[in-house]
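Listed below, chain by chain, are the residues.
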Amino acid sequence: MQAQLDKRKSPVVNKVISSVSEAVADIPDGAVIGIGGFGAAGTPYRLVLALAERKVKGLTVVATSPRQFESLIQSGSVSKVITPFARYADPSAPNPLLEPYLKGKVKVEILPIGTLMERLRAAGAGIPAFYCPVGVGTKVEKDKEKRRFGKRQCVLEHALPLDFALIKAHKGDGMGNLVYRMTSRCHNPVMAMAASVTIAEVDKIVEAGQLNPEAIVTPGVFVHRVVKGEKPPTNWIYRGIRMKEQKT
Amino acid sequence: MNLQPAGLSKDLICLRAAKELKPGMYVNLGIGLPTQVANFAPKGVILHSQNGVLGFGPIASEEEMDWELVNAGAQPITLAPGISFFSSIDAFAMMRGRHLDVAILGAYQVSEGGDLANWRMEGEVLGAIGGSMDLAYGAKRIIIVCEHTDRNGKPRIVKRCTLPLTGKGVVNTIITSLCLIEVTETGLELRELAPGVTADYVQKLTEPKLIMSSKVKEMEF
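A brief structural summary.

Relative to each other, helix H5 (residues 113–125) of chain A and helix H2 (residues 88–96) of chain B sit at 125 degrees, their axes nearing to 9 Å. Taken as axis vectors, H5(A) and H2(B) run oblique relative to one another. H2(B) is crossed by H5(A), and the crossing has left-handed handedness. Where H5(A) abuts H2(B), its residues Ile113(A), Gly114(A), Met117(A) and Arg121(A) lie against Ser88(B), Ile89(B), Phe92(B), Met95(B) and Arg96(B). A per-class count over the contact of H5(A) with H2(B) returns five nonpolar, two polar and two charged.

Have a look at this one:
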């Protein structure tokens, strides 16, 4: 017999929250938060804005670049940043992290993206630490335990658990299952795994059973709240997109 | 009289680099000048971008662009038959796990021993490692494309990098506005010269002593 979805059975779980401000209402001062996105795509713009409006203090923010959390820098909410891009990808763009960093208000840890991703995955997968060849012989290896495996020298990297993850998906259901749209997927699935509480901003909320179970990218076990967002302002989206080839 | 050869334009550097790519190769192009290699890459080269996309089409026009379809350099790209999307975990497994045949990266400095510095500029306080270290340690072959000298006219090819490193001993080939150099176990070997450029001239603008290959020839496009 072929498996069939019994549509008469309705799920008892409902993770849908009615507003972005309600979704971030309990994030405390000093929390470690991961924010998804690579450029504008995949950034939970409305959740980050709602958190900035609460003017929490002392956050440690884990994200690709300042692009994901500009509003949190402006609200003075950030005291530490763990990021691969401690400026915009375009080095000529004004860097919002520079002044708070120079004044000692924000600490910055710069690390390779792949290592950051794997540290998040490790946290989500119950692996406390792992050896990685990336960064050997560079500033990245500073103060880290090293070990050789065959011909490859490696550094010990530790899992990076998050208190909260703010992520962006295309569609989500009440069970917390998520699908993404094109390159908006990026870091969002791994941020979801790494956090104690994952909050997903989605373009569309659907009934459980409407997403193709074989196409679900992030299963609901990793997602605690689902909230409908709105498309970010067009000028914010376009500011980061380079239509012309970059000058070097 | 001070006659200096102009050397290759950025387009010609990219055109020469594109000749290293063959159909069926999986290739990552770094942010900046390397992304322009895509304009000259032969058909059938499969481009990888670290934000989770493989096999994408050319840069999108303003009419075609979709803000959720971009490469790692934030340029809008296009859908092509066979394109796939995946999370950053898979994107970096492809890099670190040696699944990519070639990565073409930019450089502030490259050393005699193939060390690469490309994440913090001279005088910069913070900087951007991005995915460059993951590529430097992961791709099977690293090709550098850059101007031969920096904006102050100082050599980019140096005995020892003074800027913070992206990777130690990771570079295989350097293609500059003046020449093509292979990093070998015995040092930097000059293989090709841009049209009108002499080996003496390249050596003057290069800090370490170059090995003059018996095979040195004029660059072809």
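After presenting the structure, the write-up continues.
Our next topic: unusual backbone geometry. Its identity is not glycine, yet Asp143(A) carries a phi of approximately 60 degrees, on the positive side. Among the structural elements, Asp143(A) can be located in the loop between strand S6 (129–132) and strand S7 (146–149). The class of Asp143(A) is exposed, set by 5 C-beta atoms lying within 10 Å. Backbone geometry places Arg98(B), a non-glycine residue, at a positive phi of 60 degrees. Mapped onto the elements of the fold, Arg98(B) is located in the loop between H2 and strand S7 (102–105).

Okay, the sheet that holds S6(A) next. All names here are of chain A. Spatial strand order, S6-S8-S7: three strands in an open sheet with antiparallel pairing. One side of each edge strand has no neighbouring strand; the edge strands of this open sheet are S6 and S7. The sheet shows a mean angle of 35 degrees between the axes of neighbouring strands, taken without regard to direction. Here S6 pairs with strand S8 (residues 152–158) via four bridges, running antiparallel. The residue bridging Tyr131 from the neighbouring strand is Leu156, located in S8.

Looking now at the pairing of strand S4 (residues 78–83) of chain A. Residue and element names in this part refer to chain A. Judged from the four bridges that link them, strand S3 (residues 59–62) and S4 form a sheet pairing that is parallel. Residue pairing across strands places Thr60 opposite Lys80, the latter belonging to S4. Where S4 lies against strand S5 (residues 107–110), four bridges are found, and the strand directions are parallel. Across the sheet, the residue bridging to Thr83 is Ile110, located in S5.

Reading the values: the criteria
Residues numbered from 1 in each chain as written. Chains lettered and ligands numbered in written order. Predicted model: local features only at pLDDT ≥ 70, side-chain atom pairs only at ≥ 80, totals over all residues. Axes fitted to C-alpha atoms, helices over the stretch in contact; angles between N-to-C directions. Helix = DSSP H or I, 4+ residues; strand = E, 2+ residues; numbered from the N terminus. Parallel < 35°, antiparallel > 145°, perpendicular 65-115°, else oblique. Left-handed = near helix turned anticlockwise from the far one by under 90°. Contact = placed C-beta atoms within 7 Å. Nonpolar A, V, L, I, M, F, W, Y, C, P; charged D, E, K, R; others polar. Buried ≥ 20, exposed ≤ 12 C-beta atoms within 10 Å, placed from the backbone. Pairing = 2+ DSSP bridges.

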